[in-house]
Amino acid sequence: MTSEPTSRFPVGAAAAVADLEDDPHPLLARLRAAEPVSWLPALGGWLVTSRDLAQRVMRDAAAFTVDDPRFSTARVVGPSMLSLDGPVHTRHRDPFARPFRPARTRERFTAFVEAEVARLVGGLAPAGRAELRGELAGPLAVAVVAEALGLEGVDAATIRSWYGAFVEAVSAITAGGDAPARADEAYALLRAAVEKAITEKAVTADGPGSLLAEAAADGAGLTTAEVVANAAILMFGGIDTTEGMIANTVLHLLGHPGQLRLVLDDPGLLPAAIEESLRLEPSASVVDRYATRDTALGGVTVRAGDLVRVSIAGANRDPAVFPDPDRFDVRRANAGEHLAFAHGPHFCFGAHLARLEARTAVAALLELPGLRLDPSRPARAHGLVFRKPPHLHVLWDR
């Protein structure tokens, strides 16, 4: 633990986990203004809230590593590309990242995403109402991940239950608790499905098999256990955060009628609206690092071994970079400078696919006449690590 006196950080000392789960932005603004690197006893570590310092921490893997036995995701799924640094990180990451380069992403997934969105939205349209997380954003994200990983024969409900268990476990550990037993059960089932995918969907001369089979056959020589761990990580990035990205974008647009009108009048603004939503409420709001040595950061001394938690949500509303940062503005010129997909060696390589899913889904929804939030069921983002509305009820004219 740091030797810095907590009296130096009165804002951080008074912060509670509940403040960061419900509406963290007022607290993050106070921290950013007075204590951009602050010690939070509630989190047992430092919280970084300014954008420049957040970038520094995420870029410098030598001083701030993910490779620590306390890293929450590693405690749930084991070592993976998300919890390793240096050459071993590259060995885990590259076999999975190559298929997600922009051109290959478009070629491999555009038709599938468009078909899934058409099926899901078409099925909802006659009802005139829907809960979009459960009926569109979640099912779409699950279907795309299942398609990418090649988990044939595993239904969407099963995949959702697995990643839900993993998210619950990571959130519990981040908040200082213990992972629930069902996370271990879900992991065992995932391993069995991955082993089947590797065996039955091997790469053939006719073309690629599943992403898992490609990774297993790659020259990096990943073991089955390593492929399983990375498959779980892809569930975090490909399901939970993509689902949140879609839900948050819809919530922001429908909650700001003037901005919605701009996008309806000029559909070319939709990609910018998605970037602005990512800036305003990133669906993955914090990332963890551990100091490898004593390091000066933002006027404080971070000691070797200290937890350094980067607030993506705080960095994305830094007024030094984003004027009037709490305003949702689809014409914000630099919205794309957000850090919602992280930064440095752990930048999310699935960003292109997530954007494709969000653009396709939101564009289809905006074609529903009179699309609006259900006033009887208000929605707002919630969560310590993964932030999105628990439910998002909407109405439209049939």
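Heads up: the structure comes first, above all this text.
These figures come from a predicted structure and were not determined experimentally.

### Looking at the overall build of the chain
Item 1. Secondary structure assignment for the chain yields 16 helices and 10 strands.
Item 2. Expected size for 398 residues packed as a compact globule is a radius of gyration near 21 Å; at 21 Å, the chain falls within 12% of this value.
Item 3. Considering only C-alpha atoms, the chain reaches an extent of 60 × 50 × 35 Å along its principal axes.
Item 4. Looking at the chain as a whole, 56% of its 398 residues qualify as buried.
Item 5. A sequence separation of at least 24 residues applies to 71% of the contacts in the chain between residues at least 6 apart.

### As for the nonpolar core
Item 1. Counting residues in each nonpolar core, the largest one holds 105 residues, and the members touching the most others are F96, L151, F166, L190, L212, M235 and L253.
Item 2. With 17 residues, the single largest contributor to this core is helix 12 (residues 224-255).
Item 3. When residues no more than four places from it in sequence are discounted, the contact partners of L253 are Q259, L260, V263, L270, A273, F328, V330, V362 and L366.
Item 4. Among the nonpolar cores identified, the runner-up in size contains 21 residues, and M58, F64, A291 and V302 belong to it.

### Brief notes about helix 9 (residues 156-174)
Item 1. With 19 residues, helix 9 extends 27 Å between its outermost C-alpha atoms, agreeing within 8% with the 27 Å of an ideal straight helix rising 1.5 Å per residue.
Item 2. Within the sequence span of helix 9, burial applies to I159, W162, Y163, A165, F166, V167, A169, V170, I173 and T174.
Item 3. The N-terminus of helix 9 is capped by D155, whose side-chain oxygen sits 3.1 Å from the backbone nitrogen of A157.
Item 4. One or two steps after helix 9, the chain reaches G176, where phi turns positive at roughly 95°.

### A word on the sheet that holds strand 1 (residues 37-40)
Item 1. Here we have 5 strands laid out as an open sheet, ordered 1-2-8-5-3, and mixed in their pairing. Unpaired on one side and paired on the other, strand 1 and strand 3 (64-65) mark the two borders of the sheet.
Item 2. Across 3 bridges, strand 2 (residues 45-48) lies against strand 8 (residues 307-311) in parallel orientation. Bridge pairing in strand 8 places W46 opposite V308.
Item 3. Of the strands in this sheet, strand 1, strand 2, strand 3, strand 5 (286-291) and strand 8 touch helix 4 (residues 51-59), which is tilted by about 125° from strand 8.

### Structural notes on empty space enclosed by the protein
Item 1. All chains considered together, the criterion is met by 2 cavities of 30 Å³ or more.
Item 2. If you add up the space inside the largest cavity, you get close to 910 Å³.
Item 3. Every residue lining the largest cavity is counted, 48 residues in all, and those nearest its centre are L82, F236, G237, T241 and C348.
Item 4. Taken together, the elements giving at least two residues each to the lining of the largest cavity come down to helix 5 (72-77), helix 6 (86-97), helix 8 (132-149), helix 9, helix 12, strand 5 and helix 16 (351-365).
Item 5. When residues of the lining of the largest cavity are assigned to their parent elements, the largest contribution, 8 residues, is made by helix 12.
Item 6. In the lining of the largest cavity, the residues fall into 33 nonpolar, 11 polar and 4 charged.
Item 7. Taken as a whole, the second largest cavity encloses approximately 80 Å³ of empty space.
Item 8. Lining the second largest cavity are L20, P24, L28, L43, L47, S285, V286, R309, S311, A313, L384 and R387.
Item 9. Class assignment of the residues belonging to the lining of the second largest cavity gives a composition of 8 nonpolar, 2 polar and 2 charged.

### Observations concerning the packing of helix 8 against helix 12
Item 1. Put simply, helix 8 and helix 12 touch, their axes get as near as 9 Å, and they point 150° apart. Along this stretch, helix 8 crosses helix 12, giving a crossing that reads as right-handed. When helix 8 is examined against helix 12, the residues L132, R133, A137, G138, L140, A141, V142, V145 and L149 are found in contact with a partner set consisting of A231, L234, M235, G238, I239, T242, E243, I246, A247 and V250.

### Looking at the packing of aromatic side chains
Item 1. Taken as a whole, this structure holds 6 aromatic pairs when the rule is applied.
Item 2. Relative to W46, the ring of F9 lies with its centre 5.3 Å away and its plane at 90°, an arrangement referred to as edge-to-face. Linking F9 in the segment before helix 1 (10-14) with W46 in strand 2, this pair joins segments that are 37 residues apart in sequence. The exposure classification of F9 matches that of W46, with both residues buried.
Item 3. Geometrically, the ring pair formed by F100 and F109 is stacked, given 6.0 Å between the ring centres and 5° between the ring planes.
Item 4. The buried category is assigned to F109, whose relative accessible area is 1%.
Item 5. Through a chain of ring-to-ring contacts, three or more aromatic side chains come together here, namely F9, W39 and W46.
Item 6. Sitting above the plane of the F322 ring, R279 keeps its charged end 5.3 Å from the centroid.

Calculation notes
- Residues numbered from 1 in each chain as written.
- Predicted model: local features only at pLDDT ≥ 70, side-chain atom pairs only at ≥ 80, totals over all residues.
- Heavy atoms only, no water.
- Helix = DSSP H or I, 4+ residues; strand = E, 2+ residues; numbered from the N terminus.
- Rg over C-alpha atoms; globule rule 2.2 N^0.38 Å.
- Buried < 20%, exposed > 50% of the residue type's maximum accessible area, 1.4 Å probe, protein only.
- Contact = heavy atoms within 4.5 Å.
- Core = buried A, V, L, I, M, F, W, Y, C linked by side-chain atoms within 4.5 Å.
- Expected span 1.5 Å × (residues − 1).
- Polar contact = N/O pair within 3.5 Å; in protein donor to acceptor, adjacent residues only side chain to side chain.
- Pairing = 2+ DSSP bridges.
- Axes fitted to C-alpha atoms, helices over the stretch in contact; angles between N-to-C directions.
- 1 Å grid on protein atoms, 1.4 Å probe; cavity = no way out; pocket = protein on both sides within 12 Å on 5 of 7 lines; lining within 4 Å.
- Points joined across faces, edges and corners; volume = space filled by probe spheres on them.
- Nonpolar A, V, L, I, M, F, W, Y, C, P; charged D, E, K, R; others polar.
- Left-handed = near helix turned anticlockwise from the far one by under 90°.
- Phe/Tyr/Trp six-rings, centres within 6.5 Å; stacked < 30°, edge-to-face > 60°.
- Lys NZ or Arg CZ within 6 Å of the ring centre and 35° of its normal.

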